[in-house]
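Chain by chain, the residues run as shown.
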Number of protein chains: 2
Amino acid sequence: MMAPRRCEPGVCGKCAQPCTLGTLSRDLELDLRQLPELRERRLARGDYLFHTSGNFESLYAVRSGSMKVTMLTEDGREQITGFFLQGDLVGLDSVGLRQHVSSAAALEDTVVCELPFALLERHGQSVPRIQAALFRMLSGQIRRELSTLLLLGSLRAEERLAQFLIDLAERGVGPAECGTAIWMPMTREEIGSYLGLKLETVSRTLSKLHREGIIEVVKRGVRIRQERQLRLLAGMNPVPAARPRALAH
Amino acid sequence: MMAPRRCEPGVCGKCAQPCTLGTLSRDLELDLRQLPELRERRLARGDYLFHTSGNFESLYAVRSGSMKVTMLTEDGREQITGFFLQGDLVGLDSVGLRQHVSSAAALEDTVVCELPFALLERHGQSVPRIQAALFRMLSGQIRRELSTLLLLGSLRAEERLAQFLIDLAERGVGPAECGTAIWMPMTREEIGSYLGLKLETVSRTLSKLHREGIIEVVKRGVRIRQERQLRLLAGMNPVPAARPRALAH
DNA sequence: CCCGTGTTGTTACCCGTTGTTACCCGGCGT
DNA sequence: ACGCCGGGTAACAACGGGTAACAACACGGG
């Protein structure tokens, strides 16, 4: 992992263009120029941002790239509890604790911006907007986990993959439509770990969806071909849900 | 549902004895005498405390009885996302929103204490301890959901039931040991909905554990017979984890 | 440059766990 | 008595896991 260095406020980590909105993440609408002391960290694939039982001190906003968050089951196996893309906030599951309950690793070259939690709390005392934003972030995390819970509780492999692909698409580039290209920065095994499936099942199911003409799969790239069918499989209404973009320029 | 009435501060809803600690719930260590305006609600089996898309206004501390919280999948099926026993706090998944994202219904005769969220927020501005308690409660909810997520992601029916039973036992009466009696206020179908299993599988698996002498099942009552075996199945270390009691007197 | 090696992904075959369906019983309220 | 609900059991089907063989590709060393 490269050494942390000063973050340039108001500059996007990915394209090095100034952020006209100064929006750090979709959850925390925070003008970076108000908090000039934030540092950024650059990670390569496999680098850990934090580890289970390490001290919890900061949240991290993903500015470019992507991360996985993993937990250990009591019998020692590892399971992925979430993927975090550009604009997402990592580390919320350990708020209020001394130590992290999960580990976070980069899936590819990734830049994150460090937000010391004590700093946020301190600002929260005086700025009610930050206070409210913290509650929104925490409860947003709760709801993301609840929807994963619904997915794992009742959906079959095909349906899980369909929902996963639509979620990835809409978190990345906006409404998932026919022709929308999705980049999956994670391996089949990582997808399986997150969706409660074995990697072979992930592979099989993606192949099946490809055979049926619903999607087109080339390695880690997926293109949606039949949006309606995909949404049908995912158990969704055919109407795409509006979702805020990650970072606006 | 019976009409809400004034709650008697410092008096336990179950045994009508004064609470010597004044502890409302294990999450929110709050002296009831500081907030004399709290009201309680009495529910019978099946009564709803709140509904999806109803206005979110309060959290509820379960003083006696038990509740289930359910969500609707996008295709209309209902799934239980959590059971809440004496001392638990219901409603955290909608914090920061206008409307509830879930519904809560009583599993048996139940008494809850209403905590208007606006009141908590107001107190949180001035009393940092309440502020911190709110964060702890939210992140505690996150972690409970994460452990359910691990369960649904990788465990088989037997393992899920084992973990479920141990969790129920330890949330109720303390460390789960040989001889510990567990009361399950929910139906087999509700257990199945929560654990991602069909009710027949729940039934089959409980019977199997009974046949093997690990537990004893009489309707909704379960007695642990071989604690080690049960913990082994649940993928836990044989050492019982210390866990705070719900309400101390 | 070629080659060996390790990683990731695909596919095929078999089989175990779980879902499905059906029917049973017992308790309870009407 | 009757129907309804919760619960138990059995037979069958299907989904997904286990295993293995193999292809594609990146990487590093000779």
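Everything here concerns the structure above.
Residues numbered from 1 in each chain as written. Chains lettered and ligands numbered in written order. Predicted model: local features only at pLDDT ≥ 70, side-chain atom pairs only at ≥ 80, totals over all residues. Heavy atoms only, no water.

Focus on the overall build of chain A
Helices and strands together make up the secondary structure of chain A, namely 6 helices and 12 strands. Considering only contacts within chain A whose residues lie at least 6 apart along the sequence, 73% involve residues at least 24 apart. Approximately 11100 Å² of chain A is accessible, and the part contributed by carbon and sulfur atoms is 51%. (Helix = DSSP H or I, 4+ residues; strand = E, 2+ residues; numbered from the N terminus. Contact = heavy atoms within 4.5 Å. Areas by Shrake-Rupley, 256 points an atom, 1.4 Å probe, with all protein chains shown as cover.)

Observations concerning the sheet that holds strand S3 (residues 48-50) of chain A
Residue and element names in this part refer to chain A. Spatially, the 4 strands line up as an open sheet ordered S3-S8-S5-S6, and their pairing is antiparallel. Among the strands making up the open sheet, the edge pair consists of S3 and strand S6 (78-84). Each strand axis lies, on average, 30° off the axis of its neighbour in the sheet, ignoring direction. The pairing of strand S5 (residues 67-72) with strand S8 (residues 103-106) spans 4 bridges and is antiparallel. Bridge pairing links valine 69 to alanine 104 in S8. (Pairing = 2+ DSSP bridges. Axes fitted to C-alpha atoms, helices over the stretch in contact; angles between N-to-C directions.)

Quick look at the nonpolar core
Residues Phe164, Met184 and Ile215 of chain A together with Phe164, Met184 and Ile215 of chain B are the most contacted members of the largest nonpolar core, which totals 72 residues. In this structure isoleucine 215 of chain A touches Leu165, Leu206, Leu209, His210, Val222, Arg223, Ile224, Arg225 and Leu230 of chain A, once residues within four positions along its chain are discounted. In terms of nonpolar packing, the next biggest core, distinct from the first, is built from 41 residues, Phe135 and Leu150 of chain A together with Val101 and Leu115 of chain B among them. (Core = buried A, V, L, I, M, F, W, Y, C linked by side-chain atoms within 4.5 Å. Buried < 20%, exposed > 50% of the residue type's maximum accessible area, 1.4 Å probe, protein only.)

Here's the deal with the protein's contact with DNA strand D
Around DNA strand D sit 16 residues, and of these Ala157, Glu200 and Thr201 of chain A together with Arg188 and Ser207 of chain B come closest. The share of sugar and phosphate among atoms of DNA strand D within 4 Å of the protein is 69%. Between DNA strand D and arginine 204 of chain A, the relevant distance is 3.1 Å, taken from a base nitrogen to a side-chain nitrogen or oxygen of the residue. Take arginine 220 of chain B: an N or O atom from its side chain is 2.9 Å from a phosphate oxygen of DNA strand D. Those elements that provide at least two residues to the surface near DNA strand D are helix H5 (199-211) of chain A together with helix H5 (199-211) of chain B. Examining the composition of the surface near DNA strand D, we find that 4 residues originate from one element, H5 of chain B, more than from any other. When grouped by side-chain class, the residues that make up the surface near DNA strand D number 2 nonpolar, 5 polar and 9 charged. (Near = heavy atom within 4 Å. Polar contact = N/O pair within 3.5 Å; in protein donor to acceptor, adjacent residues only side chain to side chain. Nonpolar A, V, L, I, M, F, W, Y, C, P; charged D, E, K, R; others polar.)

Topic: the pattern of salt bridges
All names here are of chain B. In this structure the tally under the stated criterion is 28 salt bridges over all chains. Between arginine 41 and glutamate 114 there is a salt bridge, with its nearest N and O atoms 3.2 Å apart. Of this pair, arginine 41 sits in strand S2 (residues 39-43) while glutamate 114 sits in strand S9 (residues 110-116), placing them 73 residues apart in sequence. By relative accessible area, which is 11% here, glutamate 114 ends up buried. Between lysine 208 and glutamate 212 there is a salt bridge whose closest N-O contact spans 3.7 Å. The exposure class of glutamate 212 is partly exposed, given its relative accessible area of 39%. (Salt bridge = Lys/Arg side-chain N within 4 Å of Asp/Glu carboxyl O.)

Overview of the protein's contact with DNA strand C
Surrounding DNA strand C, one finds 16 residues, the nearest of these being Arg188, Ser203 and Ser207 of chain A together with Ala157 and Thr201 of chain B. A share of 65% of the atoms of DNA strand C within 4 Å of the protein falls on sugar and phosphate groups. Residue serine 207 of chain A places a side-chain N or O atom 2.5 Å away from a phosphate oxygen belonging to DNA strand C. Between a phosphate oxygen of DNA strand C and a main-chain N or O atom of lysine 198 of chain B, the distance comes to 3.4 Å. Put simply, the parts of the chain that give the surface near DNA strand C at least two residues each are H5 of chain A together with H5 of chain B. The dominant element in the surface near DNA strand C, judged by the number of residues it contributes, is H5 of chain A, at 5 residues. Of the residues belonging to the surface near DNA strand C, the class tally is 3 nonpolar, 5 polar and 8 charged.

Brief notes about H5 of chain B
All names here are of chain B. Taking 1.5 Å of rise per residue, 13 residues should cover 18 Å, and H5 covers 18 Å from first to last C-alpha, within 8% of that figure. Among the residues of H5, Thr201, Val202, Thr205, Leu206 and Leu209 are the ones counted as buried. An end-on view of H5 places all buried positions within 130° of arc, on one side of the element. Turned more than 90 degrees away from the buried face of H5 sit Arg204 and Arg211, all of them exposed. Contact partners of the buried residues in H5: helix H3 (157-172), helix H4 (188-195), strand S11 (215-218) and helix H6 (227-233). Glycine 213 lies just past H5 and shows a positive phi near 80°. (Expected span 1.5 Å × (residues − 1). Arc of directions from axis to C-beta.)

Here's the deal with the environment of glycine 221 of chain A
Residue and element names in this part refer to chain A. With respect to the secondary-structure elements, glycine 221 resides in strand S12 (residues 221-224). The buried category is assigned to glycine 221, whose relative accessible area is 17%. Residues glycine 221 and proline 185 lie 36 residues apart in sequence; the distance between their C-alpha atoms is 8.8 Å. Among residues more than four places away in sequence, those in contact with glycine 221 are Ile182, Trp183 and Glu216.

Observations regarding the packing of aromatic side chains
Residue and element names in this part refer to chain B. In total, this model carries 13 aromatic pairs over all chains according to the counting rule given. Judged by centre distance (6.0 Å) and plane angle (55°), the ring pair of phenylalanine 164 and tyrosine 194 falls under tilted. Of this pair, phenylalanine 164 sits in helix H3 while tyrosine 194 sits in helix H4, and the two are 30 residues apart along the sequence. (Phe/Tyr/Trp six-rings, centres within 6.5 Å; stacked < 30°, edge-to-face > 60°.)

Observations regarding the sheet that holds strand S10 (residues 181-183) of chain A
Sheet strands pair via backbone hydrogen bonds, and the direction of the pair is either parallel or antiparallel. Residues and elements named next belong to chain A. Ordered by their spatial adjacency, 3 strands build an open sheet running S10-S12-S11, and the pairing between neighbours is antiparallel. Looking along the sheet, the strands with just one partner apiece sit at the ends: S10 and strand S11 (215-218). Here the strands of the sheet are splayed against their neighbours by 20° on average, with no regard to which way each runs. Each of S10, S11 and S12 is contacted by helix H3 (residues 157-172), which is oriented at about 95° to S10, the strand it contacts most.

Observations concerning the side chain of glutamate 170 of chain B
Within the secondary structure, glutamate 170 of chain B sits in helix H3. Engagement of the side chain of glutamate 170 of chain B in a polar contact is seen with the side chain of arginine 231 of chain B, the distance being 3.0 Å.

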